[in-house]
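# An overview of the molecular structure
As a plain string of letters, each chain reads:
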Amino acid sequence: MKPRFKTARCILYRGDEYLLAVHNRYWPRAERRWGLPGGQVEWGESARDAVARELEEELNLYVPHLIEVGAYTYKRAEHMVFAAEVEQDIDAFDTAELLDIGWFSEQDVARLHARAALHADYELDAIRRLRGRLERTSPIAAAG
């Protein structure tokens, strides 16, 4: 059975920062485009299983809890975005898969978006969607 989603991506966040990566097979070093970690959904694999596998391969990171952010269309294919909160520093990555990683504020991501320096056109929207969901479900928001 062909997977419904071409890729599965993950917004890794800590506080007000989001991890973005430059995937090496998509862009030459001179034309870096930042995107969400993750990758191809393989035959017979769910998007959730794919993103968990990709995070382990790319970042040696195991995330026990994934939040489904939503599906996005990019280049006529469907891509599923998840999110996970991380507490530890992530500074090592598989150089066979990634050229670079970095933590960015939402404003930084908006600047990358304005410069057309994001991999797909949905990263900023996905981060804002996640932030809105987190704000609605936080204990402080519920008390207000």
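In the block above lies the structure referred to throughout.
Predicted, not measured: the structure shown is a model, and the values here were computed from it.

## Quick word on the packing of aromatic side chains
Pairs of aromatic rings are described using the distance from one ring centre to the other and the angle between the two planes. In the structure shown here, the tally under the stated rule is three aromatic pairs. Relative to Y122, the ring of Y72 has its centre 5.0 Å away and its plane inclined at 20 degrees; by these criteria the two rings are stacked. You can see Y72 sitting in strand 4 (residues 67–74) and its partner Y122 sitting in the loop between helix 2 (106–114) and helix 3 (123–137), a full 50 residues away along the chain. The exposure classification of Y72 matches that of Y122, with both residues buried. When the centroid spacing of 6.3 Å and the interplanar angle of 80 degrees are considered together, the rings of Y74 and Y122 count as edge-to-face. With a gap of 48 residues between them, Y74 in strand 4 and Y122 in the loop between helix 2 and helix 3 connect regions that are remote in the sequence. There is no split in this pair, since Y74 and Y122 are both buried. An aromatic cluster is built from Y72, Y74 and Y122, whose rings are joined through pairwise contacts. Taking NZ or CZ as reference, R14 lies 4.0 Å from the ring centre of W103, over its face.

## Looking at the pattern of salt bridges
Opposite charge on two side chains permits pairing when their charged atoms draw close. According to the stated counting rule, one finds twelve salt bridges in the structure shown. Close ionic contact of E57 with R53 constitutes a salt bridge, the shortest N to O distance being 3.3 Å. One end of the pair is E57 and the other is R53, both in helix 1 (residues 47–59) and four residues apart, which spans about a single turn. Note on R53: relative accessible area 18%, which makes it buried. Between R129 and D125 there is a salt bridge; the shortest N-O distance is 3.9 Å. Here R129 and its partner D125 are both found in helix 3, four residues apart, which amounts to about one turn of the helix.

## Things to note about helix 2
Within the span of helix 2, buried status applies to E106, V109 and L112. Considered in projection along helix 2, the buried side chains sweep an arc of 115 degrees and stay on one side of the axis. Residues of helix 2 that are exposed and point over 90 degrees away from its buried face: Q107 and A114. Of the residues one or two after helix 2, A116 is the one with positive phi, at around 55 degrees.

## Some points on the pairing of strand 1 (residues 7–14)
Among the eight residues of strand 1, seven are classified as buried, and the element is accordingly described as predominantly covered. Judged from the three bridges that link them, strand 1 and strand 3 (residues 38–40) form a sheet pairing that is antiparallel. By the bridge assignment, R9 is partnered in strand 3 with G38. Pairing between strand 1 and strand 5 (residues 77–85): seven bridges, direction parallel. Each residue of the ladder has a partner; that of L12, found in strand 5, is A84.

## Let's talk about the packing of helix 2 against helix 3
Direction vectors running N to C along helix 2 and helix 3 enclose 155 degrees, while the axes themselves pass 10 Å from each other. Between helix 2 and helix 3, the angle falls in the class roughly antiparallel. Between helix 2 and helix 3 lies a crossing whose hand is left-handed. For the pair formed by helix 2 and helix 3, the contact residues are E106, V109, A110 and H113 on the first element and L124, I127, R128 and R131 on the second. Its residues assigned to classes, the contact of helix 2 with helix 3 comprises four nonpolar, one polar and three charged.

Definitions and limits used
Residues numbered from 1 in each chain as written. Predicted model: local features only at pLDDT ≥ 70, side-chain atom pairs only at ≥ 80, totals over all residues. Heavy atoms only, no water. Phe/Tyr/Trp six-rings, centres within 6.5 Å; stacked < 30°, edge-to-face > 60°. Helix = DSSP H or I, 4+ residues; strand = E, 2+ residues; numbered from the N terminus. Buried < 20%, exposed > 50% of the residue type's maximum accessible area, 1.4 Å probe, protein only. Lys NZ or Arg CZ within 6 Å of the ring centre and 35° of its normal. Salt bridge = Lys/Arg side-chain N within 4 Å of Asp/Glu carboxyl O. Arc of directions from axis to C-beta. Pairing = 2+ DSSP bridges. Axes fitted to C-alpha atoms, helices over the stretch in contact; angles between N-to-C directions. Parallel < 35°, antiparallel > 145°, perpendicular 65-115°, else oblique. Left-handed = near helix turned anticlockwise from the far one by under 90°. Contact = heavy atoms within 4.5 Å. Nonpolar A, V, L, I, M, F, W, Y, C, P; charged D, E, K, R; others polar.

Shape is all these values report; function is a separate question.
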